[in-house]
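# Inside the fold
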Amino acid sequence: MIPEGIAYGGDYNPEQWPEEVWAEDVRLMREAGVNMVSVNIFAWALLEPSEGAYDFERLDRILALLHENGIAADLATPTAAPPAWFFRKHPDALPVDRDGRRLSYGSRQTFCPSSPAYRDAALRIARALGERYADHPALAMWHVHNEYGVPVSACYCDSCAAHFRRWLETTYGGVDGVNEAWGTAFWGQHYTSLEQIDPPRTAATVGNPGQALDYKRFADATMRENFVAERDILHRLSPGIPVTTNFMTALSQCDSVDYWAWGREVDIVTNDHYLITDGRRTHVNLAMAADLTRSVAGGAPWILLEHSTSGVNWQPRNPAKAPGQMARNSLAHVARGSEGAMFFQWRQSRRGAEKFHSAMVPHGGTDTRVWREVVELGASLDSLNTVRGTRTQADVAVLWDWHSWWAQNLDWRPSEDHDARERADAFYEALYDRHLTVDFAHPEADLSTYPLVVVPALYLMTEAAGRNLRQYVENGGTLVVSYFSGIVDEHDAVHPGAYPGALRDVLGLTVEEFSPLLPGQSVPVTGPDGSELTGDVWTEFVVPRGAETVWTYGDGLTAGHPAVTRNRHGAGTAWYVSTRLAAQGLDALLGWAAEDARLPARADLPRDVEVVRRNGEAGSYVFVVNHTASEAKVPLDAAGTELLTGERASGRLAVPAGAVRVVRLDG
Ligand code: GLA
Ligand code: ZN
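Read on for an overview of the structure. (Residues numbered from 1 in each chain as written. Chains lettered and ligands numbered in written order. Predicted model: local features only at pLDDT ≥ 70, side-chain atom pairs only at ≥ 80, totals over all residues. Heavy atoms only, no water.)

A pair can form between side chains of opposite charge whenever their charged atoms are brought close. Using the criterion set out here, one finds 44 salt bridges in the structure. Residue Asp-425 is joined to Arg-280 by a salt bridge in which the shortest nitrogen-to-oxygen separation is 3.0 Å. With Asp-425 in helix α14 (residues 420-433) and Arg-280 in the loop between β7 (270-272) and α10 (282-296), this residue pair connects regions lying 145 residues apart in the sequence. Using a relative accessible area of 41% as the deciding quantity, one classes Arg-280 as partly exposed. The closest approach of N and O atoms between Arg-369 and Glu-373, which form a salt bridge, is 2.9 Å. Taken together, the residues Arg-369 and Glu-373, both in helix α12 (residues 369-382) and four residues apart, mark about one turn of the helix. Three or more residues are tied together by salt bridges with common partners; here these are Arg-281, Glu-429, Asp-433, Arg-607 and Asp-608. (Salt bridge = Lys/Arg side-chain N within 4 Å of Asp/Glu carboxyl O. Helix = DSSP H or I, 4+ residues; strand = E, 2+ residues; numbered from the N terminus. Buried < 20%, exposed > 50% of the residue type's maximum accessible area, 1.4 Å probe, protein only.)

So, on to the environment of Ser-630. As for its placement among the helices and strands, Ser-630 is situated in the loop between β24 (619-626) and β25 (632-635). Using a relative accessible area of 43% as the deciding quantity, one classes Ser-630 as partly exposed. As a C-alpha pair, Ser-630 and Gly-501 span 129 residues in sequence and 49 Å in three-dimensional space. In contact with Ser-630, not counting residues within four places along its chain, are Val-655 and Ala-657. (Contact = heavy atoms within 4.5 Å.)

Here we come to the site of ligand 1. Near ligand 1 you find Phe-42, Arg-108, Asn-146, Glu-147, Asp-272, Tyr-274, Glu-306, Trp-314, Phe-344, Glu-354 and His-357, and these make up its full shell. Taking Glu-306, its side chain carries an N or O atom lying 2.4 Å from an oxygen atom of ligand 1. Contacts to ligand 1 include Glu-354, whose side-chain N or O atom sits 2.5 Å from an oxygen atom. Considering ligand 1 on its own, with 310 Å² of exposed area, one finds that the protein chains cover 97% of that surface. (Near = heavy atom within 4 Å. Polar contact = N/O pair within 3.5 Å; in protein donor to acceptor, adjacent residues only side chain to side chain. Areas by Shrake-Rupley, 256 points an atom, 1.4 Å probe, with all protein chains shown as cover.)

In this section: the nonpolar core. Counting residues in each nonpolar core, the largest one holds 169 residues, and the members touching the most others are Leu-66, Trp-402 and Leu-479. A domain split of this core shows at least three residues from each of domain 1 (396-597) and domain 2 (609-665). Filtering out sequence-adjacent residues up to four positions away, Leu-479 remains in contact with Val-453, Val-455, Leu-469, Tyr-472, Val-473, Val-506, Thr-573, Ala-574 and Trp-575. In terms of nonpolar packing, the next biggest core, distinct from the first, is built from 22 residues, Tyr-172, Val-175, Ala-181 and Tyr-191 among them. (Core = buried A, V, L, I, M, F, W, Y, C linked by side-chain atoms within 4.5 Å. Domains from an automatic or database assignment.)

So, about the pairing of strand β14 (residues 478-482). Consecutive side chains along a regular strand alternate between the two faces of the sheet. Across the five residues of β14, five count as buried, placing the element largely inside the fold. Taking every second residue as pointing to the same face, both faces of β14 are buried, with Thr-478, Val-480 and Ser-482 on one and Leu-479 and Val-481 on the other. The pairing of strand β13 (residues 452-455) with β14 spans four bridges and is parallel. Bridging across to β14, Val-455 finds its partner in Val-481. In this region the chain leaves β13, passes through helix α15 (residues 463-474) and returns to the parallel neighbour β14; the handedness of that crossover is right-handed. (Pairing = 2+ DSSP bridges. Right-handed = clockwise from strand over helix to strand, strands pointing away.)

Below, the discussion takes up the coordination of the zinc ion (ligand 2). Taken together, the protein ligands of the zinc ion (ligand 2) are Cys-112 (SG), Cys-155 (SG), Cys-157 (SG) and Cys-160 (SG), with distances of 2.2 to 2.3 Å. Its four donor atoms give the zinc ion (ligand 2) angles of 100 to 120° at the centre, a pattern that matches the tetrahedral case. Donor residues for the zinc ion (ligand 2) sit on one chain with the sequence pattern C-x42-C-x1-C-x2-C. Note that Cys-112 is positioned in the loop between α4 (84-89) and α5 (116-133) and Cys-160 in helix α6 (residues 158-172), a separation of 48 residues in sequence. Of the two residues, Cys-112 and Cys-160, neither departs from the other in class, the shared state being buried. (Donors = N, O, S within 2.8 Å, 3.2 Å for Na, K, Ca; no water. Tetrahedral: all angles 85-135°; square planar, octahedral: opposite > 155°, others 65-115°.)

The next point concerns the sheet that holds β24. The strand order across the open sheet built from six strands is β10-β23-β24-β29-β26-β27, with neighbouring strands paired in antiparallel fashion. Each edge of the open sheet is held by one strand with a lone partner, namely β10 (391-392) and β27 (648-649).

On inspection of all chains with the given rule, the structure shows 38 aromatic pairs. Centre to centre, the rings of Trp-575 and Trp-592 are 6.2 Å apart; their planes meet at 55°, and the pair counts as tilted. Highlighted residues: Trp-575 in strand β21 (residues 572-577) and Trp-592 in helix α17 (residues 583-596), separated in sequence by 17 residues. Residue Trp-575 is classed as buried on the basis of its relative accessible area, which comes to 0%. Residue classification places Trp-592 among the partly exposed positions, given a relative accessible area of 34%. Each residue in the set Tyr-156, Phe-164, Trp-167, Trp-182, Tyr-191, Tyr-215 and Phe-218 is aromatic and connected to the rest through ring pairs, giving one cluster. Arg-347 extends its terminal NZ or CZ atom over the ring of Trp-17, reaching a point 5.5 Å from the ring centre. (Phe/Tyr/Trp six-rings, centres within 6.5 Å; stacked < 30°, edge-to-face > 60°. Lys NZ or Arg CZ within 6 Å of the ring centre and 35° of its normal.)

So far we have only geometry, and geometry alone does not tell us how the molecule works.
This is the structure in structure tokens:
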């Protein structure tokens, strides 16, 4: 069973250590309050040293030891790293890149997802594990594979080509459907049989965009097929034990997986998150990843299965975490719906590629800051047990769709400087700075509960999504749409008529032409109160057809044309922004929209102090995460008990610099 409190622990790889160390491991796990560990993720070669010959003895001992010590096992199927003997026997199960190069083994997560030999071998080992451990008392959860989608997001080999043709047959019912969807009349790409279709391998110049987009879908669906096949075996052998696979929803870390679809296949959503050192505020990216994870879980609680106690070792520069930062990170995930704070990994490796990656037990052992903080965090999490089952309360929805992102990143767009991910980050950050909690939503999802819906960049939008947004505004919602959204349908075909086809009614305008700017160029944009903002990267010739002009371009090709518009539609309002606004501009725009949506202004909260609520039958909890170097004072709606200190709290809660406070409100 998954531990009753907050899951605490990490990836545990005892196979890297002599057995004497194991006894110390479990003693230290108990000292730190560890209640669950992930095991067996990379153990295939040891479990099945030659084909069909299993050696479960080590894993038996590991699971027994964990169980004796009251530690639950998140037991992995090791199918992310097939053994060397397998590739010697099946060299064609190694993946091939777009240029036709076959990759080597000896790393990890390198295999062709369509390979029949891989699929058979993976299902055999999953079945063998299921048969052996289905009833094991330590078994809490199955962890299928590891981080589908990285580092190989698609394979271009002949097995994949054949598999792609089958996928096309199922999706389009034959070659005519494919020709139509991809617009193969252009550039003479017409096919007369599915047999003629290959993966979008490297060609002389740009290939067919519909083909490239469908290959992304196919690659994602193929990985999901593999997951589902393992999952079904485990469900059959151990009914009631949840099956998961660890996601990586942080957008930069994995872009090839449609987590909306995956969220529906797992029994519980789990996620891995690492801080990205790119000069931006790491806690904002963390909050965004956590919100996206909760959203793909449909709002239900999820488990943070990996993060780091301190530095990672796979970026060009890997700073250590500051004192207190690890707990702040862990608890920020909990605020946003996680019911676990787990790490990669338990004990820092001496050998191998990740020996400089931090761990719960560092090379320096227990007389270290990291270890002391690990023990402290265990105690803190223990005091939060009752938040289990409560749900994070969001203020606004941001629309996100992996398919649109894939489509927008295809070649030959109006500007390569426009980046959907950048806009999603920027809008998220602007909402974060207004202290609004964000749910992400699929463009066709029910939006009726949100007073404000933001569309940062959704180039691909189905007709159904367009209708959904129209209805949302008609019924009184407030919508904010950023440029180059609603342009193409699911096949990357431009919606008929003027841009933006899926949205022009609700926005009350058309866009006659895009006019992207050159690097370094910007344009002034004048607001209704005379305020001046700047846009860069993108401008447009917007023609209002019912919408009022709120901001106007002050210079450049589009001078005098609307930059920001507002349209009353039904009982609601739709805003449109046709240029790339920086933080100040986004804040001004969202200020207006938030007024239309009657959202609370939380101006009394300092920047970089997060206030997030989780509510449920178990009570109402306010999480305050202070990322600043000074004490913050945060007004509470009601009196309550602060769970980490055990103190009573009311009025204005003082949160020390860098600290977290969790108040359970009375009542
Ligand atoms: C990923 C993997 C882990 C480990 C960590 C290091 O999340 O799942 O095995 O490599 O990264 O940060
Ligand atoms: Zn392949």
